Structures are given as structure tokens and as C-alpha cells.
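Below, each chain spelled out in residue letters.
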Amino acid sequence: MTTQTLTRCYRFTTVDFEPDLCLLVWKDRADTALTVHESRLLEVLCYCAGEVISAESLYDKTFVQIDPYEDSHTNHYDLNTIFKSLTRKLEYHGAMGIPIEAVPHYGFRVPLPEKACRRIHEDSTPPSAPPDDPSPEPDPLSSTEHIVKHSRLHKVSVALLALAGLAMIFASD
């Protein structure tokens, strides 16, 4: 079974970065999974592509804005460790898919993507095992459908409204 998902995409020359799925999709259709932190870091860099972002600003946009109500002193993320693992994953066939430039004394930047777009990502999953019970389950009703089909009060009020409408028609003649 194939599942299609519409995702945000930053398209570079050799790779598409899909931050919603934490995924790098290479031109030969190979996928590289990213951790949530790597994906957030790359997403912030791509969002501000072409601009130099200071390490402090990058840290704040990547980690502090994840949960503003969380005590920021309890979790400490090391940007250098995340950059190391991210640059290893960005290298494919000996070339950097998205080069991250370190600007001494200022910060980091990535080049502008060719395109920022929406992309339909297809995920092939093996079919699940058939259920043990072959009898199909009835479709669950929404609360409105349940009231319309089963409530006596609803049926009485509809009948009264119909009678009132008829009474108004006959009274206007």
C-alpha cells in the first residue's frame, strides 16, 4: 500500500529536504533519515537561507521555540555534536548535498535553495495482516449523525417545525 503525504520541501541541486518528515531525499530516490534535532537545525538554516545566523540565534530558533513553556535550563543541546552528525548525513557520494558554511566570528549559513515548495512524498508500506474477524465493522457515526438517526427529541422538533411552516403558509393565504 502506498501512502501519499503533502510536505514542505526545500529543493537543492542534489537533494530535497523535507522538514515535516525529517528526511533528505536524494535525486536517485534514496532517503536519509534525520533526527528531530538535526531536522530542526537544518530547517532553521534553510528558512534563513543566504543569511548568516549567529550560533546563539540558531540555538534559540532551533531548541527554545520547540516548547516555550519548558524550563530551558533542564535541557542543553550541543550544536557542535548535532552539526557533526548532520554534515555526515548531508554528504552523499563524496559531495555535500547542502553545504553549511561557517562564517568565522559571525555564524552559519546555507545557500539559497533552488525552490521552496510542497512535495507529495510517497511512502510504501507492506500490507498489514488481514484482521482475525472477517466481519466488517460498521462505520462509526458522528455525534450529529447519531442525533439525527436515534434522537426522538430531534424527530419531534423537526415535525413541529414542519407543522409550524405549514401553518404559516396556510395563514398567509
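Predicted model only: the values in this text are computed from it and were never measured.

Trainee: So what exactly am I meant to see when it comes to the packing of aromatic side chains here?
Mentor: The relation between two aromatic rings is expressed through the spacing of the ring centres and the mutual angle of the planes. This model, assessed by the stated rule, comprises five aromatic pairs. One aromatic cluster is present, formed by Tyr59, Phe63 and Tyr77 through successive ring pairs.

Trainee: What is the right way to read helix 3 (residues 79-90) from this model?
Mentor: Turn by turn, an α-helix covers 3.6 residues, leaving residues three or four places apart pointing in a common direction. In a regular helix each residue adds 1.5 Å, so 12 residues correspond to 16 Å; helix 3 covers 16 Å between its end C-alpha atoms and thus fits that length. Every buried residue of helix 3 is accounted for by Leu79, Ile82, Phe83, Ser85, Leu86 and Leu90. Turning to helix 3, the residues buried within the fold contact strand 3 (23-26), helix 1 (36-47), helix 2 (55-64), strand 5 (91-92), strand 6 (95-96) and strand 8 (107-109).

Trainee: Please explain the pairing of strand 3 as it appears in this structure.
Mentor: Along a regular strand, successive side chains alternate from one face of the sheet to the other. Residues Leu23 and Val25 point to one face of strand 3 and Leu24 and Trp26 to the other, with burial holding for every one of them. The pairing of strand 2 (residues 15-18) with strand 3 spans four bridges and is classified as antiparallel. When the bridges of strand 3 are listed, Asp16 appears paired with Val25. Linkage of strand 2 to strand 3, two consecutive antiparallel strands, is achieved through a turn of four residues, within which Cys22 is found at a positive phi near 55°. Relative to strand 4 (residues 31-33), strand 3 runs antiparallel, the two being bridged by three bridges. Following the sheet pairing, Leu23 is matched in strand 4 by Ala33.

Trainee: Even after reading the chapter, I still don't get the side chain of Ser85, so can you show me in this structure?
Mentor: With respect to the helices, strands and loops of the structure, Ser85 is situated in helix 3. We classify Ser85 as buried; its relative accessible area is 17%. Polar contacts involving the side chain of Ser85 include one to the side chain of Glu38, which spans 2.5 Å. Only 3.1 Å separates the side chain of Ser85 from the backbone oxygen of Ile82, close enough to count as a polar contact.

Trainee: Can you walk me through the pattern of salt bridges in this structure?
Mentor: Note on pairing: side chains with opposite charge can pair once their charged atoms come close. Taken as a whole and judged by the stated rule, the model has seven salt bridges. Linking Arg8 and Glu43 is a salt bridge whose minimum nitrogen-to-oxygen distance equals 2.8 Å. Of the two residues, Arg8 sits in strand 1 (residues 2-11) while Glu43 sits in helix 1, which places them 35 residues apart along the sequence. We classify Arg8 as partly exposed; its relative accessible area is 27%. What makes Glu43 buried here is its relative accessible area of 15%. The partner of Arg40 in a salt bridge is Glu43, and the shortest N-O contact between them spans 3.8 Å. Of this pair, Arg40 and Glu43 both sit in helix 1, three residues apart, roughly one helical turn. Sharing partners across several salt bridges, the network here consists of Arg8, Asp20, Arg40 and Glu43.

Calculation rules
Residues numbered from 1 in each chain as written. Predicted model: local features only at pLDDT ≥ 70, side-chain atom pairs only at ≥ 80, totals over all residues. Heavy atoms only, no water. Phe/Tyr/Trp six-rings, centres within 6.5 Å; stacked < 30°, edge-to-face > 60°. Helix = DSSP H or I, 4+ residues; strand = E, 2+ residues; numbered from the N terminus. Expected span 1.5 Å × (residues − 1). Buried < 20%, exposed > 50% of the residue type's maximum accessible area, 1.4 Å probe, protein only. Contact = heavy atoms within 4.5 Å. Pairing = 2+ DSSP bridges. Polar contact = N/O pair within 3.5 Å; in protein donor to acceptor, adjacent residues only side chain to side chain. Salt bridge = Lys/Arg side-chain N within 4 Å of Asp/Glu carboxyl O.

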